[in-house]
Amino acid sequence: QVQLVESGGGLVQAGGSLRLSCAASGRIFGVYAMGWFRQAPGKEREFVEAINWSGGTIYYKDSVKGRFTISRDTAKNTVYLQMNSLKPEDTAVYYCAAASRPVTFDSPRGYDYWGQGTQVTVSS
């Protein structure tokens, strides 16, 4: 089992920045990849970015390219999502997820463990 705890969400004005953190505990050695997804009210959960835990390869949603950056600290078992130039359409609950085997990075179906989510609200 892997437990994930997100933090760092909040209210920010358009153009501002936030950094989300996701602390992982438990069977970390079995983690293949970690990702960030988001879900806005009335919409499906969508992929944001993911990172291969061992090699650090990054996968991202085109709409966040150049604005969001995923990173990991393997010593702290933590993955981060640095979000810059935030837009009102980025408003959503952001979820951290972990996969224990090779996955299609942008599909939530492949991820085995999920955090509780953290709210990000961007005002215009």
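These numbers were taken from a predicted model, which means no experiment stands behind them.

## Topic: the pattern of salt bridges
For step 1, the next point in the chain: A full pass over the atoms with the stated rule returns five salt bridges.
For step 2, the next point in the chain: The partner of K61 in a salt bridge is E46, and the shortest N-O contact between them spans 3.4 Å. Highlighted residues: K61 in the loop between β6 (58-60) and β7 (68-73) and E46 in strand β5 (residues 46-52), separated in sequence by 15 residues.
For step 3, the next point in the chain: With relative accessibility at 25%, the residue K61 sits in the partly exposed group.
For step 4, the next point in the chain: Here R101 makes a salt bridge to D112, at a shortest N to O gap of 2.7 Å. Taken together, the residues span a long stretch of sequence, with R101 in the loop between β9 (92-99) and β10 (113-114) and D112 in the loop between β9 and β10 at a distance of eleven residues.
For step 5, the next point in the chain: Among the residues examined, D112 registers a relative accessible area of 29% and is labelled partly exposed.
For step 6, the next point in the chain: Put simply, R38, E46, K61, R67 and D90 are held in one network by salt bridges that share partners.

## Some details on the pairing of β5
For step 1, the next point in the chain: In terms of residue burial, β5 counts as a mostly covered element, since six of its seven residues are buried.
For step 2, the next point in the chain: Where strand β4 (residues 33-39) folds back on β5, the antiparallel hairpin that results is connected by six residues, among which G42 adopts a positive phi of roughly 80°.
For step 3, the next point in the chain: Sheet analysis places β5 next to β6, joined by three bridges and oriented antiparallel. Looking at the pairing, I51 lines up with I58 of β6.

## Side note on the state of the cysteines
For step 1, the next point in the chain: Under the definition given, this model contains one disulfide.
For step 2, the next point in the chain: Here C22 engages in a disulfide with C96; their sulfurs sit 2.1 Å apart. Classification of the bridge connecting C22 and C96 rests on its S-S torsion, roughly -80°, and on that basis the disulfide is left-handed. Placement of C22 in strand β3 (residues 18-26) and of C96 in strand β9 is noted, with a sequence separation of 74 residues between them. In this pair, the class of C22 matches that of C96, namely buried.

Conventions we followed
- Residues numbered from 1 in each chain as written.
- Predicted model: local features only at pLDDT ≥ 70, side-chain atom pairs only at ≥ 80, totals over all residues.
- Heavy atoms only, no water.
- Salt bridge = Lys/Arg side-chain N within 4 Å of Asp/Glu carboxyl O.
- Helix = DSSP H or I, 4+ residues; strand = E, 2+ residues; numbered from the N terminus.
- Buried < 20%, exposed > 50% of the residue type's maximum accessible area, 1.4 Å probe, protein only.
- Pairing = 2+ DSSP bridges.
- Disulfide = S-S within 2.5 Å.

Shape is all these values report; function is a separate question.
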